[in-house]
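Survey of secondary and tertiary structure
Letter by letter, the chains look like this.
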Amino acid sequence: MEEGSLPEGTQQAVTTFRESIAQFSCKLEPPTSPVPVLRRSSRRPVPRRSYTELEDTTPKEPLEKKRLFRKLDHGLDQKKVFLRRSPASPPKKKLKRGLAPPETYAHLHLLPDYLQLHLDIVFCGINPGQKSAEIGHHFGHPTNHFWTGLHAGGLTSSKLPPTEDFTLPELYNIGLTNLVDRPTAEQSELSEAEMRTAVPAFLAKIARYRPRIVCFVGLSIAGTVQHCAVPRKHRTAKVMPGLMSFKLVYPKQEDTKNVDPISETLFFAMPSTSARVTQYQANEKVEIFADLKRCLCQVKTSSLDCSSMVAIDPKLFSVDKL
């Protein structure tokens, strides 16, 4: 159908539609400026360097290799895969506390000594721990290995709780004491001078009660007592668990009717029974308790040769300091 043959209303609608479209139409015009032509640079080309030349030739530290075995899905044998990893950093050590003045733990109570004449063994700790002072009993921390080692080593017939520490002298002829009376949370809160100052009074206490063996619960306390009581030429360079090289020798009594059954006191060293001491595991500490019992049996049967030990005169320590 031609445009002129359309009805008048339709013709007007077509004209209106064309006018509305015309306003959106655009006319493409040729660019006014020519398109730039890319040219090759006139500079000389830089030769490429090989990968081996770029590789760092400085020597590197060998890294730790870890073998991993991976089984392939298609049924082949296991292949060894080597992966490199940097060496693990050492674990961070817990910082020790500094010296604590007496007023820091003044709210805690002192622990009593459980001593009597002619005990078989007297265990001497460095000083009461915070937990022990809070509950009022020796070696009171639940992770401490003392009561377990005492029983497993054969020195008690059953494992005692810390609350029954006062029964040791009567039931097992074993005593408890400390070098320093005041409690602290850690040994590092005591100064070396404070521990050395307490040695004369401690040895005077031992000379008064005359036990067969004194066992130091802590190698550091054994070294402190040795430093104060033994001449320099007779000291051992490093204190190890076991019998020490000195003893207290008591003078012979003139009264033959009342002869003292114990004429000398030996000293034994063991590591601290605290769970914080990881150089010796719990089973190793039990073996040291068992070794202590064997020494006690030899002392009772007079089968232990102590002639090479350095004899310490107890008169050098004043009993008035008790």
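Residues numbered from 1 in each chain as written. Predicted model: local features only at pLDDT ≥ 70, side-chain atom pairs only at ≥ 80, totals over all residues. Heavy atoms only, no water.

The name an unreviewed UniProt entry assigns to the chain is Uracil-DNA glycosylase-like protein, from the organism Armillaria tabescens.

All right, on to the overall build of the chain then. Each helix and strand counted, the chain has nine helices and eight strands in total. Here the chain, with 322 residues, has 32% of them falling under the buried criterion. Long-range pairs, those at least 24 residues apart, make up 68% of the contacts in the chain between residues at least 6 apart in sequence. Total accessible area on the chain stands at roughly 22,500 Å², and carbon and sulfur atoms take up 54% of it. (Helix = DSSP H or I, 4+ residues; strand = E, 2+ residues; numbered from the N terminus. Buried < 20%, exposed > 50% of the residue type's maximum accessible area, 1.4 Å probe, protein only. Contact = heavy atoms within 4.5 Å. Areas by Shrake-Rupley, 256 points an atom, 1.4 Å probe, with all protein chains shown as cover.)

Let us look at the packing of aromatic side chains. Overall, the coordinates contain eight aromatic pairs when judged by the stated rule. Chaining the aromatic ring pairs together yields one cluster made of Phe123, Phe139, Phe146, Trp147 and Phe289. (Phe/Tyr/Trp six-rings, centres within 6.5 Å; stacked < 30°, edge-to-face > 60°.)

With that settled, the discussion passes to the sheet that holds strand β8 (residues 310-312). The mixed open sheet is built from six strands, whose spatial order is β4-β3-β5-β7-β6-β8. Edge positions in the open sheet fall to β4 (174-178) and β8, since each of these has one partner strand only. Averaged over all neighbouring strand pairs, the angle between strand axes comes to 30°, with direction disregarded. Relative to β4, strand β3 (residues 121-125) runs parallel, the two sharing five bridges. By the bridge assignment for β4, glycine 125 is matched with asparagine 178. (Pairing = 2+ DSSP bridges. Axes fitted to C-alpha atoms, helices over the stretch in contact; angles between N-to-C directions.)

Taken across its five residues, β3 has five buried, putting it largely inside the fold. Residues Ile121, Phe123 and Gly125 of β3 are buried on one face, and the alternating residues Val122 and Cys124, pointing to the opposite face, are buried as well.

So, on to the packing of helix α7 (residues 199-209) against helix α8 (residues 219-229). Where α7 meets α8, the axes come as close as 10 Å, and the angle between the chain directions of the two elements is 90°. On the basis of their axis angle, the class for α7 and α8 is roughly perpendicular. On the side of α7, the interface is formed by Val199, Phe202 and Leu203, while α8 contributes Thr224, Val225, Cys228 and Ala229. (Parallel < 35°, antiparallel > 145°, perpendicular 65-115°, else oblique.)

Attention now moves to the nonpolar core. With 33 residues, the main nonpolar core has Leu179, Phe202 and Phe216 as its most contacted residues. Here phenylalanine 202 is in contact with Cys124, Thr177, Leu179, Val214, Phe216 and Val225, once residues within four sequence places are set aside. One finds Phe123, Leu160, Tyr172 and Cys306 within the second-largest nonpolar core, a separate group that totals 26 residues. (Core = buried A, V, L, I, M, F, W, Y, C linked by side-chain atoms within 4.5 Å.)

Quick look at the pattern of salt bridges now. Scanning the model with the defined rule gives eight salt bridges in all. Put simply, glutamate 264 and lysine 247 hold a salt bridge, and the shortest N to O gap is 3.1 Å. One end of the pair, glutamate 264, is in strand β7 (residues 264-270); the other, lysine 247, is in strand β6 (residues 242-249), with 17 residues separating them in the sequence. When the shortest N-O distance is used, the salt bridge between aspartate 291 and arginine 294 registers 3.9 Å. On the criterion of helical spacing, the pair formed by aspartate 291 and arginine 294 is a turn pair, its members being three residues apart in helix α9 (residues 282-300). (Salt bridge = Lys/Arg side-chain N within 4 Å of Asp/Glu carboxyl O.)

A separate point is the pairing of β6. With five bridges joining them, β6 and β7 adopt antiparallel strand pairing. Along β7, the bridge assignment pairs leucine 243 with phenylalanine 268. As paired strands, β6 and β8 are joined by three bridges and run parallel to one another. Pairing of lysine 247 across the sheet is with alanine 311, part of β8.

Moving on, we get to the environment of leucine 171. Tracing the backbone through its elements, the reader meets leucine 171 in helix α5 (residues 168-172). Classification of leucine 171 as exposed rests on a relative accessible area of 58%. Between the C-alpha atoms of leucine 171 and serine 157, which are 14 residues apart in sequence, the distance is 9.8 Å.

As a further point, take unusual backbone geometry. Positive phi, normally seen in glycine, also occurs at histidine 118, with a value near 60°. Relative to the elements of secondary structure, histidine 118 occurs in the loop between β2 (79-85) and β3.

Right, let's talk about the state of the cysteines for a bit. According to the stated counting rule, one finds zero disulfides in the structure shown. For the unlinked cysteine cysteine 215, the closest cysteine sulfur is that of cysteine 124, found at 9.3 Å. Looking at cysteine 215, the relative accessible area reads 0%, which means it is buried. The structure places no disulfide on cysteine 306, whose sulfur is separated from the nearest cysteine sulfur, that of cysteine 295, by 9.1 Å. Assessed through its relative accessible area of 8%, cysteine 306 is described here as buried. (Disulfide = S-S within 2.5 Å.)

Among the structural elements, proline 314 can be located in the segment after β8. Among the residues examined, proline 314 registers a relative accessible area of 10% and is labelled buried. For proline 314, the residues in contact, after removing those within four places along its chain, are Ala207, Leu248, Val249, Tyr250 and Pro251.

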